[in-house]
Amino acid sequence: MNSDWMGNEPRFSDRAEAGRVLAGQLGGYAGRSDVIVLALPRGGVPVGYEVAQALNVELDVLVVRKLGVPQNPELAMGAIASGGALYLDEQTIRMAGITQPEIVGVLSEEHRELARREALYRGQRPPLKIEGRTVIVVDDGIATGASMRVALATLRTGNPARIVVAVPVAPEGTAERLDGLADEFVCAHSARQFGGVGRFYRDFGQTSDAEVGALLARSHQDIL
């Protein structure tokens, strides 16, 4: 991990280049049948595609849906993710007095939305199995780490053998903030003065749903 970059020039030309650089730090996982790459859509998918290609491993998306408290949807009482993973924050549920029927109702609604998004991205291909496997979770960068923490907590319930978080850029101290959720943290470049993920890219245009679907389909064909 390089933490001494303080310049104003972008570190990466685009997400694809960032993925290729990141893959260079993950060589120990290359060609292993027990390893998969899960990318957080949408921006993490172009990065994850390059990582998966370089390592010659399978690629999928990790779609995460927050479970909002019924009376206050912005407050999360848990989350669900691809592959059937479920995370419930028992303390929030208890403090908010949420009933079991309310939990079931929210779960039903969010499962439908999760299924819709997964169908949009991967078509008829089922989610990759994560139980007992080494999962490399990829995004285009981490700012606060809140989304990644929820994704990892949810993913952990699917019983993977090992979770590796791999990102091109993150603030210093991110590894410590993810301690206990990830078994390994790989970051190409970190900075004390962060200022947002987009600062590190020359091209940080929004990744489209169509691009996500195309990259997943291409990765699936390449691995066959």
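Fair warning: this is a prediction, and the values are worked out from it, not measured in the lab.

### What to know about the overall build of the protein
In step 1: A count of helical and extended segments in the protein gives 7 helices and 8 strands.
In step 2: Rg of the C-alpha trace for the protein: 17 Å, near the compact-globule value of 17 Å for 224 residues, within the 12% margin.
In step 3: Its C-alpha atoms put the protein at 50 × 40 × 30 Å along the principal axes.
In step 4: Counting every position in the protein, which comprises 224 residues, the buried fraction comes to 47%.
In step 5: Sequence-distant contacts, at least 24 apart, represent 67% of the contacts inside the protein between residues at least 6 apart.
In step 6: When the accessible surface of the protein is summed, it comes to about 10,500 Å², and 48% of that surface belongs to carbon and sulfur atoms.
In step 7: On the protein, the mean spot of the 23 positive side-chain charges and the mean spot of the 28 negative ones are 0 Å from each other.

### Some points on the environment of Thr154
In step 1: With respect to the helices, strands and loops of the structure, Thr154 is situated in helix H5 (residues 146-156).
In step 2: Relative accessible area serves as the criterion here: at 0%, Thr154 is assigned to the buried category.
In step 3: Separated by 70 residues in sequence, Thr154 and Gly84 place their C-alpha atoms 9.2 Å apart.
In step 4: There is a polar contact of 2.7 Å between the side chain of Thr154 and the backbone oxygen of Val150.

### Section: the domain arrangement of the protein
In step 1: Splitting the protein by domain gives domain 1 (15-63 + 130-222) and domain 2 (65-121).
In step 2: Between the C-alpha centres of domain 1 and domain 2 the distance comes to 23 Å.
In step 3: For the pair domain 1 and domain 2, the summed buried area comes to about 1,100 Å², and 72% of that belongs to carbon and sulfur atoms.
In step 4: Ranking the residues of domain 1 by area buried against domain 2 places Val63, Thr154 and Asp209 at the top, with a combined share of 49%.
In step 5: Between the two partners, domain 1 and domain 2, sit 0 salt bridges.
In step 6: Put simply, domain 1 and domain 2 have 2 residue pairs in polar contact (both at pLDDT 80 or more) between them.

### Let's talk about unusual backbone geometry
In step 1: The peptide bond linking Pro41 to Arg42 adopts the cis configuration, its omega dihedral lying at 5°.
In step 2: The backbone of Asn56 sits at a positive phi, close to 60°, despite the residue not being glycine.
In step 3: Along the chain, Asn56 falls in the loop between helix H2 (44-55) and strand E2 (58-61).
In step 4: Despite not being glycine, Asn159 has its phi angle at roughly 60°, a positive value.
In step 5: On the basis of relative accessible area, Asn159 is assigned to the partly exposed category, the value being 48%.

### Here we look at the sheet that holds strand E6 (residues 134-138)
Remark on secondary structure: sheet strands pair via backbone hydrogen bonds, oriented parallel or antiparallel.
In step 1: Spatially, 5 strands are ordered E2-E1-E6-E7-E8 in an open sheet, and the strand pairing comes out parallel. On the outer flanks of this sheet lie E2 and strand E8 (184-191), each paired with one strand and no other. Strand-to-strand twist in this sheet, taken as the mean axis angle between neighbours without regard to direction, amounts to 20°.
In step 2: Here strand E7 (residues 162-171) runs beside E8; their pairing, made up of 7 bridges, is parallel. Looking at the pairing, Val169 lines up with His189 of E8.

### Concerning the UniProt feature "domain: Phosphoribosyltransferase" (unreviewed entry) in the protein
In step 1: Per the UniProt record, "domain: Phosphoribosyltransferase" (unreviewed entry) is found at residues 19-183.
In step 2: Counted over residues 19-183, helix gives 38% and strand 27%. Its end C-alpha atoms are 20 Å apart.

### Details of the packing of helix H1 (residues 15-23) against H2
In step 1: Taken N-terminus to C-terminus, the directions of H1 and H2 make an angle of 40°; their axes are 7 Å apart at the nearest point. Taken together, the axes of H1 and H2 are oblique relative to one another. With respect to the hand of their crossing, H1 and H2 are arranged in right-handed fashion. Here Arg15, Ala16, Gly19, Arg20, Leu22 and Ala23 of H1 come into contact with H2, specifically with Pro46, Val47, Glu50, Val51, Ala54 and Leu55.
In step 2: Classifying every residue of the contact of H1 with H2 gives 8 nonpolar, 1 polar and 3 charged.

### Describing the pairing of strand E3 (residues 64-69)
In step 1: Where E3 and strand E4 (residues 72-81) come together, 6 bridges link them in antiparallel fashion. Within E4, the residue paired with Lys66 across the bridge is Ala79.
In step 2: Counting the residues between successive antiparallel strands, the hairpin from E3 to E4 contains 2 residues.

About the criteria used
Residues numbered from 1 in each chain as written. Predicted model: local features only at pLDDT ≥ 70, side-chain atom pairs only at ≥ 80, totals over all residues. Heavy atoms only, no water. Helix = DSSP H or I, 4+ residues; strand = E, 2+ residues; numbered from the N terminus. Rg over C-alpha atoms; globule rule 2.2 N^0.38 Å. Buried < 20%, exposed > 50% of the residue type's maximum accessible area, 1.4 Å probe, protein only. Contact = heavy atoms within 4.5 Å. Areas by Shrake-Rupley, 256 points an atom, 1.4 Å probe, with all protein chains shown as cover. Lys, Arg positive; Asp, Glu negative; His and termini not counted. Charge placed at Lys NZ, Arg CZ, Asp CG, Glu CD. Polar contact = N/O pair within 3.5 Å; in protein donor to acceptor, adjacent residues only side chain to side chain. Domains from an automatic or database assignment. Buried area = accessible area lost by both parts, 1.4 Å probe. Salt bridge = Lys/Arg side-chain N within 4 Å of Asp/Glu carboxyl O. Pairing = 2+ DSSP bridges. Axes fitted to C-alpha atoms, helices over the stretch in contact; angles between N-to-C directions. UniProt positions renumbered as here; feature names shortened; annotations may be inferred. Parallel < 35°, antiparallel > 145°, perpendicular 65-115°, else oblique. Left-handed = near helix turned anticlockwise from the far one by under 90°. Nonpolar A, V, L, I, M, F, W, Y, C, P; charged D, E, K, R; others polar.

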